Amino acid sequence: MANPSRKIVICGAGIAGIAAAYYLAVEHGEGEVTLVEEGNPLSLTSDKSTEAYRNWWPGPDWAMTAYMNRSIDLLEGIARATGNRMNLNRRGYLFATADASKVSWLQDIAQKAEALGAGPVRVHETASSDYVPSPERGFDLALTGADIITDRELIRGHFPYLTRDTAAVAHVRRAGWLSAQQLGMTMLEAARERGVKLVCGRVADVDTPGGRVSSVQIECQDERRLLEASHFVLAAGPMQKALAARIGVELPVIAERHQKISISDTGNAVPRHAPMMIWLDEQRLPWSNEERAALSEDDSTRWLLQKFPAGVHGRPDGTGDSKTLLVLFNYDNSPADVVFPLPEEPHYAEIALRGMSTMVPQLAAYIGKGARPYVDGGYYIKTRENRPLIGPLAIEGAYISGAFSGFGVMAACAGGELLAKHITGRALPDYASAFQLSRYQDPSHCDMLDSWGDGGQL
Ligand SMILES: Cc1cc2nc3c(=O)[nH]c(=O)nc-3n(C[C@H](O)[C@H](O)[C@H](O)COP(=O)(O)OP(=O)(O)OC[C@H]3O[C@@H](n4cnc5c(N)ncnc54)[C@H](O)[C@@H]3O)c2cc1C
């Protein structure tokens with residue numbers, strides 16, 4: 001039941017804060033919800049994303065898979081109700097390798113994903129195998145799980161743009177992408193129709209006399225305002241750690257800087273119907289002999305000749321005159337200070353494009369030619385396990401919806417829903433405890449952290 005005495009103030013109108021407002025006001029009828037945003041809604045991190053989603057997540061348990069399956073169910077529900085305004089597709093993620101010895105590892109991952117609830121594994125070892133491609137548009141494909149293809153002829157037939165060296169691919173099916181801006185605006189408009197107020201200003205402090213939230217101090221154009229609040233939701237994206245510290249809460253999160261490039265695909269290197277493509281192999285960037293010689297002479301560029309990690313990925317975006325390709329290469333995942341505007345990384349575009357051309361050789365035609373790629377990015381705010389923080393904080397009335405790392409768009413709906421259930425006292429889903437900050441007070445959880453393994457980051 002909506003409680004008229006609840007006054008809920010949400011800090012941050014990124015995708016996390018907007019989803020929280022939507023599920024509180026639209027799904028649960030909460031009447032006193034205020035979103036406070038110091039910039040424009042959805043303009044700090046949530047518009048820098050690759051906007052991709054997947055239900056393929058590693059363990060060690062089923063919680064992340066169940067959470068993402070729920071989030072995708074909710075995304076599909078909103079897409080159906082709005083005539084697919086967010087352009088949700090189901091093209092899948094295509095993990096590819098040139099290393100035939102990785103096939104058993106891929107099968108192992110796929111079987112583990114199946115055991116965690118991501119759907120069945122299908123293996124295709126011959127050219128006549130019944131592999132079913134994903135449609136370019138729509139999201140009604142019933143296939144889940146993953147198709148592992150090891151027959152080179154079958155791979156070439158369906159993905160001719162990949163390097164001829166490709167020895168195996170895993171096509172993950174409950175995956176694709178959407179417009180994060182349209183999803184966010186759909187939820188924000190619906191929330192505002194239900195009375196959610198959007199206030200422009202910076203949350204400067206939260207008053208917590210006696211260990212309970214009572215009001216939120218907002219700064220706007222050198223003026224301070226006090227908003228009465230029974231509940232405060234911290235959804236401040238990159239600023240969440242600093243703001244939590246102001247109310248005496250230490251968040252176990254770090255920030256990583258992540259960039260992406262957008263490059264015009266005038267030469268049709270990647271067909272518009274292609275899936276999200278991820279290269280699973282480490283690589284040395286393709287340089288000519290002359291370039292190699294020049295780079296090796298200079299201390300500041302020699303590192304560009306070193307081995308780069310696996311994981312360069314990209315996808316087509318737009319059609320007609322705006323045909324582009326988005327590429328990300330997260331080769332440096334060291335913790336960073338949160339600084340805006342993002343410091344420039346002079347070699348990033350070159351590294352991303354060259355790295356992606358190892359997987360899609362036709363992209364080499366763009367190296368050093370035509371318009372420079374557009375570069376943007378933001379911060380992944382991450383816990384050690386690469387799982388979000390959703391639920392109550394130690395101060396009565398204070399909550400968090402954060403640590404959304406590189407998955408905040410796909411996770412937004414289930415995150416908003418879960419947060420709203422916490423605040424309104426509804427029954428929580430089985431995965432709720434896996435995402436609460438209080439998990440770090442559980443010794444058995446802390447014992448698992450050292451051997452946690454892959455957090456599923458791309
Ligand atoms: C390069 C890149 C690629 C990505 N790709 C994907 C992807 O493919 N799929 C996916 O699901 N996710 C992806 N992500 C991750 C996703 O974009 C983020 O997890 C998500 O946008 C985080 O949303 P948020 O609402 O927590 O943060 P934000 O979008 O940063 O929103 C936080 C808001 O809080 C406001 N704020 C902060 N402090 C205050 C204050 N004191 N007062 C008032 N307002 C305040 C900020 O102005 C901001 O608008 C990617 C991220 C990056 C950087």
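For the structure itself, look to the data block above.
Within every chain, residues take consecutive numbers counted from 1 along the sequence as written. This being a predicted model, a pLDDT of at least 70 is required before a residue's local features are given, and a value of 80 or more before pairs of side-chain atoms are given or counted; all residues contribute to the totals for chains, interfaces and linings. For side-chain calculations, the full set of non-hydrogen atoms in the structure is used, while hydrogens and water are omitted.

1. Points about the side chain of Thr 97
Here's step 1: A run of DSSP states H or I qualifies as a helix once it reaches four residues; a run of E qualifies as a strand once it reaches two. Both are numbered from the N-terminal end. Note that Thr 97 resides in strand E4 (residues 93-97).
Here's step 2: Exposed residues in this analysis have more than 50% of their type's maximum accessible area, buried residues have under 20%, and partly exposed residues fall in between, with area computed by a 1.4 Å probe over protein chains only. Taking the relative accessible area as the measure of exposure, Thr 97 reaches 0% and is therefore buried.
Here's step 3: Whether two residues are in contact is decided by their heavy atoms: any pair within 4.5 Å suffices. Beyond its immediate stretch of four places on either side in the chain, Thr 97 contacts Lys 102, Leu 106, Asp 165, Thr 166, Ala 167, Ala 168, Trp 279, Leu 280 and Asp 281.

2. Some points on helix H8 (residues 348-359)
Here's step 1: Take the residue count of a helix, subtract one, and multiply by 1.5 Å to get its expected span. Taking 1.5 Å as the rise per residue, H8 with twelve residues should run 16 Å; its terminal C-alpha atoms sit 17 Å apart, in good agreement.
Here's step 2: Here H8 lies mainly inside the structure; ten of its twelve residues are buried.

3. Observations concerning empty space enclosed by the protein
Here's step 1: Definitions used throughout: a 1 Å grid over protein atoms alone; a cavity as a set of points that fits a 1.4 Å probe which cannot get out; a pocket as an open set with protein on both sides within 12 Å along at least five of seven lines; a lining residue as one with an atom within 4 Å of a point. Grid points are joined across faces, edges and corners, and a volume is the space filled by probe spheres set on the points. Enumeration according to the criterion identifies two cavities of 30 Å³ or more in this entry.
Here's step 2: Taken as a whole, the largest cavity encloses approximately 70 Å³ of empty space.
Here's step 3: The element best represented in the lining of the largest cavity is strand E14 (residues 254-264), accounting for three residues.
Here's step 4: Throughout, the ten residues Ala, Val, Leu, Ile, Met, Phe, Trp, Tyr, Cys and Pro are labelled nonpolar, Asp, Glu, Lys and Arg are labelled charged, and all others, Gly among them, are labelled polar. Its residues assigned to classes, the lining of the largest cavity comprises three nonpolar, four polar and three charged.
Here's step 5: Quantified by volume, the second largest cavity comes out at close to 50 Å³.
Here's step 6: In terms of lining, the second largest cavity is formed by Trp 57, Pro 58, Gly 59, Met 64, Glu 385, Asn 386, Arg 387, Trp 452, Asp 454 and Gly 455.

4. Here we look at a nonpolar patch on the surface
Here's step 1: Side chains of Leu 44, Val 338 and Phe 340 sit close together on the surface and give an oily, nonpolar patch of about 210 Å² of accessible area.
Here's step 2: The exposure class assigned to Phe 340 is partly exposed, which follows from its relative accessible area of 36%. Here, patches come from residues exposed beyond 30% relative accessible area and free of salt bridges, joined within 9 Å for like charges and within 5 Å for nonpolar side chains (Val, Leu, Ile, Met, Phe, Trp, Tyr). Accessible surface area values rest on a Shrake-Rupley calculation with a 1.4 Å probe, where residue burial reflects the displayed protein chains alone. The salt bridge criterion pairs a side-chain nitrogen of Lys or Arg with a carboxyl oxygen of Asp or Glu, the two atoms within 4 Å.

5. Digging into the sheet that holds strand E12 (residues 223-228)
Here's step 1: Whether two strands pair depends on DSSP finding at least two bridges between them. Read across the sheet, three strands follow the order E10-E11-E12 without closing on themselves; strand pairing throughout is antiparallel. Looking at the sheet topology across the chains shown, the edges are occupied by strand E10 (202-207) and E12. Going from strand to strand, the sheet's axes swing by 25° on average, the running direction of each strand aside.
Here's step 2: Both strand E11 (residues 215-220) and E12 contribute to a ladder of six bridges, which runs antiparallel. Each bridged residue has a counterpart across the sheet, and for Gln 217 the counterpart in E12 is Leu 226. Only the stretch in contact is used when a helix axis is fitted, and all axes are lines through C-alpha atoms; the angle between N-to-C directions ranges over 0 to 180 degrees.

6. Notes on the site of the ligand
Here's step 1: Being near a molecule or strand, for a residue, comes down to having at least one heavy atom within 4 Å of it. Close to the ligand lie 36 residues, the nearest being Glu 37, Thr 45, Ser 46, Val 203 and Met 410.
Here's step 2: Within 3.5 Å is the distance limit for a polar contact, defined as a pair of N or O atoms, with the added protein rule that one can donate a hydrogen and the other accept it, and that residues adjacent in sequence qualify only through two side-chain atoms. Contacts to the ligand include Ile 15, whose backbone N or O atom sits 3.2 Å from an oxygen atom.
Here's step 3: Here an oxygen atom of the ligand sits 2.6 Å away from a polar atom, N or O, in the side chain of Glu 37.
Here's step 4: Considered on its own, the ligand offers 1,000 Å² of accessible surface; in the complex 97% of this is hidden by protein.

7. Overview of the packing of aromatic side chains
To describe a pair of aromatic rings, one takes the distance between the centres and the angle between the planes.
Here's step 1: Any Phe, Tyr or Trp ring, taking Trp's six-membered ring, that has another such ring centre within 6.5 Å forms a pair; planes under 30 degrees apart are called stacked, those over 60 apart edge-to-face, and the others tilted. Enumeration over the complete set of coordinates arrives at 17 aromatic pairs.
Here's step 2: Judged by centre distance (6.0 Å) and plane angle (90°), the ring pair of Phe 329 and Tyr 331 falls under edge-to-face.

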